Amino acid sequence: MNRLMKSALLAATAAGLASLAAPASAADVSACLITKTDTNPFFVKMKEGATAKAKELGVNLKSYAGKVDGDSESQVAAIESCIADGAKGILITASDTKGIVPTVKKARDAGILVIALDTPLDPLDSADATFATDNLEAGKLIGAWAAATLGDKAKDAKIGFLDLTPDQPTVDVLRDQGFMIGFGIDPKDANKIGDEDDARIVGHDVTNGNEEGGRKAMENLLQKDNTINVIHTINEPAAVGAYQALKAVGMESQVLIVSVDGGCPGVKSVADGVIGATSQQYPLMMASLGIEAIAAFAKDGTKPKPTEGKNFFDTGVNLVTDKPATGVKSIDTKEGTAKCWG
């Protein structure tokens, strides 16, 4: 080998070793966002936040979603694709918070940072981090508001719960049980929906988090007891469906509906009197912070830390209503509109 060729080979080898040793630049970082659906305004805004932040930081982002809320198979397939593509990080709102854990472990074992957005995995530490609303607090706020609004009538309330799916994902359980605690109902096992024995509870039904599901679930509960006067809903699309079912039988003015989300359509529903109060959460912030965390992890291995005193990063919540109740902190729909999304 002549001297020129030898020098070229040494230089190439040194360059190759240097590239292996150097931390990934933003342009080398790929990330995945996996949401429950791509139609719910909450997840649409989450995708917008992730996409904007990825563009800002030069991160290559691929987005996936289930066909409907509860479609865990599509989410499992998405994680497998992310592993095969060599993603550095995955942001996921899991439909099946227990069932997805083995696949999440596979991703983490491959060196991928996994961050749960909005919906904690079960157990929570199955992900490297969770960026979410304090969903228990969100439920407590609307429960406390409903109880305060009813006053003495709360002791004789007839309450229906429009939940998410039969699998009882963590976000569903936390909001449902939080409402009970806020309203003054003993939830029994706070990790389980449906084991409580308070006589005020008419029953539970599932909605898949959409209007049609909310309408059907409301109709089912009305068949059990047509004196229902309080409805807790998992989100605002389900709340609108419930209102449609109530309006169809002339009961829309007799039932207090509360919800969680705080999207612009939901805040407008509060302003219009369709929903009494909603707990507003901030999906764009969750997704943006998630992309920032993946970029930081790719750079030097740093993992995000939870909010002090909590086991997750709390992205905040505000109760939105135009009918404030004594002892329950809230903002009005004007401020809610300034902070809303979707």
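Model, not experiment: these values are computed from the prediction.

Draft legend 1. Broad picture of empty space enclosed by the protein. Applying the stated criterion across every chain, the model contains one cavity of 30 Å³ or more. Taken as a whole, the largest cavity spans an internal volume of roughly 120 Å³. Forming the walls of the largest cavity are 13 residues, and the residues nearest its centre are Lys36, Phe43, Asp118, Arg175 and Asn235. If you list the elements that add at least two residues to the lining of the largest cavity, you get α2 (41-57) and α6 (170-183).

Draft legend 2. Examining the packing of aromatic side chains more closely. Summed over the entire model, instances satisfying the criterion amount to five aromatic pairs. The interplanar angle of 75° and the centroid separation of 5.3 Å between the aromatic rings of Phe42 and Trp341 together place this pair among those described as edge-to-face. On the criterion of sequence distance, the pair formed by Phe42 in helix α2 and Trp341 in the segment after α11 (333-339) is long-range, its members being 299 residues apart. Trp341 carries the same exposure label as Phe42, and that label is buried. With centroids separated by 5.2 Å and ring planes inclined at 55°, the aromatic side chains of Phe131 and Phe313 adopt a geometry described as tilted. Here Phe131, found in strand β5 (residues 129-132), pairs with Phe313, found in strand β11 (residues 313-314); they are 182 residues apart in sequence, far enough to count as distant. Of the aromatic side chains, those joined through ring pairs into one cluster are Phe42, Phe43 and Trp341.

Draft legend 3. Structural view of unusual backbone geometry. Between Asp122 and Pro123 the backbone carries a cis peptide bond, its omega angle lying at 10°. One can find Pro123 in the loop between β4 (113-117) and β5. Although it is not a glycine, Asp118 sits at a positive phi angle of roughly 70°. Turning to its location among the elements, Asp118 is positioned in the loop between β4 and β5.

Draft legend 4. How the structure looks around the sheet that holds β11. Spatially, β2-β1-β3-β4-β5-β11 is the arrangement adopted by the six strands of the open sheet, whose pairing is parallel. Edge positions in the open sheet fall to β2 (60-65) and β11, since each of these has one partner strand only. Where strand β3 (residues 89-92) meets β4, four bridges bridge the pair, whose relative direction is parallel. Following the sheet pairing, Ile92 is matched in β4 by Ala116. Helix-sheet contacts for helix α10 (residues 283-300) involve β1 (30-35), β2, β3, β4, β5 and β11, and the interaxial angle to β4 is about 170°.

Draft legend 5. Inspection of the sheet that holds strand β10 (residues 277-280) at higher detail. The six strands are arranged β7-β6-β8-β9-β10-β12 in an open sheet whose pairing can be described as mixed. Since the sheet does not close on itself, it has two edges, and those belong to β7 (201-206) and β12 (318-320), each with one partner. The mean angle between the axes of side-by-side strands here comes to 15°, regardless of whether they run parallel or antiparallel. With three bridges connecting them, strand β8 (residues 230-233) and strand β9 (residues 256-261) associate as parallel partners. For His232, the partnering residue across the bridge sits in β9 and is Val258.

Draft legend 6. Structural detail: the state of the cysteines. Counted according to the given criterion, the structure contains two disulfides. With its sulfur 2.3 Å from that of its partner, Cys32 forms a disulfide with Cys82. Note on the Cys32 and Cys82 pair: the S-S dihedral is about -125°, so by sign convention the disulfide is left-handed. Taken together, the positions of Cys32 in strand β1 and Cys82 in helix α3 (residues 72-84) put the pair 50 residues apart, joining distant regions of the chain. Accessibility expressed as a relative area gives 0% for Cys82, which makes it buried. Here the protein chain pairs its bonded cysteines, counted in sequence order, in the arrangement 1-2, 3-4.

Calculation notes
- Residues numbered from 1 in each chain as written.
- Predicted model: local features only at pLDDT ≥ 70, side-chain atom pairs only at ≥ 80, totals over all residues.
- Heavy atoms only, no water.
- 1 Å grid on protein atoms, 1.4 Å probe; cavity = no way out; pocket = protein on both sides within 12 Å on 5 of 7 lines; lining within 4 Å.
- Points joined across faces, edges and corners; volume = space filled by probe spheres on them.
- Helix = DSSP H or I, 4+ residues; strand = E, 2+ residues; numbered from the N terminus.
- Phe/Tyr/Trp six-rings, centres within 6.5 Å; stacked < 30°, edge-to-face > 60°.
- Buried < 20%, exposed > 50% of the residue type's maximum accessible area, 1.4 Å probe, protein only.
- Pairing = 2+ DSSP bridges.
- Contact = heavy atoms within 4.5 Å.
- Axes fitted to C-alpha atoms, helices over the stretch in contact; angles between N-to-C directions.
- Disulfide = S-S within 2.5 Å.

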